[in-house]
Amino acid sequence: MTDTPEKINLLGLSPAKMEAFFADLGEKRFRAQQMLKWIHQLGEADFEKMTNMGKGLRAKLAEVSEIRLPEVVYHDVSKDGTQKWVMRMPGGSSIETVYIPEKERGTLCVSSQIGCALDCSFCSTGKQGFNRDLSVAEIIGQVFVAAMSFDKPGERRERKITNVVMMGMGEPLLNFDNVVDSMNLMMDDNAYGLSKRRVTLSTSGVVPMMDKLGDVTDVSLAVSLHAPNDELRNKLVPINKKYPLKELIAATNRYLSKLPDRRKATIEYTMMEGVNDEMEHAVELSDLMKQVPCKINLIPFNPFPNSGYKRPSNNRLYRFRDYLVNQGHIVTIRSTRGDDIDAACGQLVGRVEDRTRRSERYINAIQLDNIDSEQTQEGPSL
């Protein structure tokens, strides 16, 4: 008894790989462009409806390939218009995708991994541990599902998704090849046609892969900073112990220097009360960011169970912002969106089982820090 070969999922083929697929079938390159349009612009998954391809080719396609879409198990819309999809992946684990509508744009936040290995202390996704990388089909499938849920299919359709950020679950640079292929599909004129300025990859600072990224693409870059010095960042973003701030800033500048235009990096800074929102932190952040062309995005912490952190008051938030602005920086404050459906930044899959008991570790660490702080303030006991 012979095993039936697994069919190729055409949803996950980049433009170059789609051309190679049709070349293996003995077909011309233009077939790849036709297929990309059928899938990503027209939303078609049935080969029999692809009428500009011959009957014989359609039969061959059905024999060796398929267009397999993600399984949507949950879809909700926030009171502010934010939408969240939960998609179950093979193996049983789920990922989330979030769409944030604004006046002149709509941003889709896309996941690149199931879980995350970086263990950032303020992120609920990090608490579930790392499961696996997503395939190209699973990454681009999130864009497909969102686009087809509210866009009318067609090459000239009005697109509600104007921007995509690789800023969902996972560290994109640790799933490098699949993320790059997915972004190429997002930007391809025969697929989603997004500008390189409107596709953004967010990284916590995997320095070697930042350099590799600059050699293969020119998408926009966001850096998850969250602390202005190594001592604090080591606690909040553990990868900093391997690639400290000096190396991260240098890698960011190297990436920007490879771009054909004068784009700035976006610096993501999640603010937590009493942790990284003091004026001394604002001074340090200002001095650090003078070394790199950037705009700073301040993100008020979005609470989730057992995090141990609190959102700063508006007074502290605006005072921090105003100091940076007075120092000449471009600063925005990210509005909290979709928190009523757990779709806000840092909340993705915030109610999953904590497989690694990281929540317990965080609570214990916070309690120890509080004890140490109290003992320092009281002085040594006699």
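Structure shown above.
Bear in mind the structure is a predicted one, so any value in this text is a computation, not a measurement.

About the cut-offs
- Residues numbered from 1 in each chain as written.
- Predicted model: local features only at pLDDT ≥ 70, side-chain atom pairs only at ≥ 80, totals over all residues.
- Heavy atoms only, no water.
- Axes fitted to C-alpha atoms, helices over the stretch in contact; angles between N-to-C directions.
- Helix = DSSP H or I, 4+ residues; strand = E, 2+ residues; numbered from the N terminus.
- Parallel < 35°, antiparallel > 145°, perpendicular 65-115°, else oblique.
- Left-handed = near helix turned anticlockwise from the far one by under 90°.
- Contact = heavy atoms within 4.5 Å.
- Pairing = 2+ DSSP bridges.

1. Thoughts on the packing of helix H9 (residues 279-289) against helix H10 (residues 314-326)
In step 1: Running from N to C, H9 and H10 cross one another at 30°; their axes reach a closest spacing of 10 Å. Taken as axis vectors, H9 and H10 run roughly parallel relative to one another. The interaxial crossing formed by H9 with H10 has right-handed handedness. For the pair formed by H9 and H10, the contact residues are Met 279, His 281, Ala 282, Val 283, Leu 285 and Ser 286 on the first element and Arg 319, Phe 320, Tyr 323 and Leu 324 on the second.

2. Details of the pairing of strand S5 (residues 94-101)
In step 1: Strand direction decides the pairing type here: strand S4 (residues 83-88) and S5, joined by 6 bridges, are antiparallel. Across the sheet, Val 86 pairs through a bridge with Glu 96, a residue of S5.
In step 2: As paired elements, S5 and strand S6 (residues 106-109) share 4 bridges and run antiparallel to each other. Within S6, the residue paired with Tyr 99 across the bridge is Leu 108.
In step 3: Where S5 folds back onto S6 in an antiparallel hairpin, the turn is made up of 4 residues.

3. A closer look at the sheet that holds strand S11 (residues 220-224)
In step 1: Spatially, 10 strands are ordered S3-S4-S5-S6-S9-S10-S11-S12-S13-S14 in an open sheet, and the strand pairing comes out mixed. One side of each edge strand has no neighbouring strand; the edge strands of this open sheet are strand S3 (71-77) and strand S14 (330-333). Averaged over all pairs of adjacent strands, the angle between their axes in this sheet comes to 20°, without regard to strand direction.
In step 2: When strand S13 (residues 294-300) meets S14, the two strands line up parallel, connected through 4 bridges. Across the sheet, residue Asn 297 finds its bridge partner in S14, namely Thr 332.
In step 3: Strand contacts of helix H5 (residues 176-187): strand S9 (163-166) and strand S10 (199-203), with the helix running at about 160° to S10, the strand carrying the most contacts.

Limitation: the analysis is restricted to geometry and does not speak to function.
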